[in-house]
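What follows is each chain in one-letter form.
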Amino acid sequence: MDEPLTLDQARADVAELLYMQPGDLDDTADFRASGLGSVLILTLVERWREAGVQVSFQELTESGTLADWWTLLSARLPGDSHRQRSVPGSCPRALSVAL
């Protein structure tokens, strides 16, 4: 993946795996309840690592919402440190990350 990961791309990645349209996703819904199991979460980990974001399977399984995932992912985006990292109102809480 040549382009940096964006919230829209992350949403599209999740939607694709759930056979949904990106606009139909609720960023605060737990996708694990919608059928996003461990194999599909591993797929997301690999896609997002290819985009330059270091994230682990364990980190994504701690929460199943795009809002929480984006809080984690956006903090690890490579490149421009001045880029907006989150969408106001859509990321109610951050994942705890063991360093």
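For the structure, see preceding data.
Treat the numbers as computed from the prediction; the structure is a model and nothing was measured. What you see as residue numbers is a count from 1 along each chain, following the sequence as written. Per-residue local features are limited, in this predicted model, to residues with pLDDT of at least 70; the limit for side-chain atom pairs, both in listing and counting, is 80 or more; totals at the level of whole chains, interfaces and linings are taken over all residues. Working from all heavy atoms in the structure, the side-chain values ignore hydrogens and water.

1. What about the packing of helix α1 (residues 7-17) against helix α2 (residues 38-50)?
Heads up, the rule is: For helices, the axis comes from a line fit to the C-alpha atoms of the stretch in contact; other axes are also lines fit to C-alpha atoms, and the angle between any two N-to-C directions lies between 0 and 180 degrees. Numbered from the N terminus, helices here are DSSP runs of H or I no shorter than four residues, and strands are runs of E no shorter than two. Angles below 35 degrees are treated as roughly parallel, those above 145 as roughly antiparallel, those between 65 and 115 as roughly perpendicular, and all remaining angles as oblique. When the near helix sits turned anticlockwise from the far one by under a right angle, the crossing is termed left-handed; a clockwise turn instead gives a right-handed crossing. Contact criterion: two residues are considered in contact whenever any of their non-hydrogen atoms come within 4.5 Å of each other. Classification convention: Asp, Glu, Lys, Arg as charged; Ala, Val, Leu, Ile, Met, Phe, Trp, Tyr, Cys, Pro as nonpolar; all other residues, Gly among them, as polar.
In contact at an axis separation of 11 Å, α1 and α2 are set at 150° when each is read in the N-to-C sense. Considered as vectors, α1 and α2 are oriented roughly antiparallel to each other. Taken as a pair, α1 and α2 cross one another with a handedness that is right-handed. Contacts from A10, D13, V14, E16 and L17 of α1 reach α2 at L40, T43, L44, R47 and W48. For the contact of α1 with α2, the per-class residue count stands at six nonpolar, one polar and three charged.

2. Comments concerning helix α4 (residues 66-74)
The criterion, for reference: Working definition: with a 1.4 Å probe on protein chains only, accessible area under 20% of the residue-type maximum means buried, over 50% means exposed, and in between means partly exposed.
For α4, a buried count of eight out of nine residues is recorded, marking the element as mostly surrounded by other parts of the structure. Where α4 is concerned, the buried positions are L66, A67, D68, W69, W70, L72, L73 and S74. Contacts from the buried residues of α4 go to α1, α2 and α3 (57-61).

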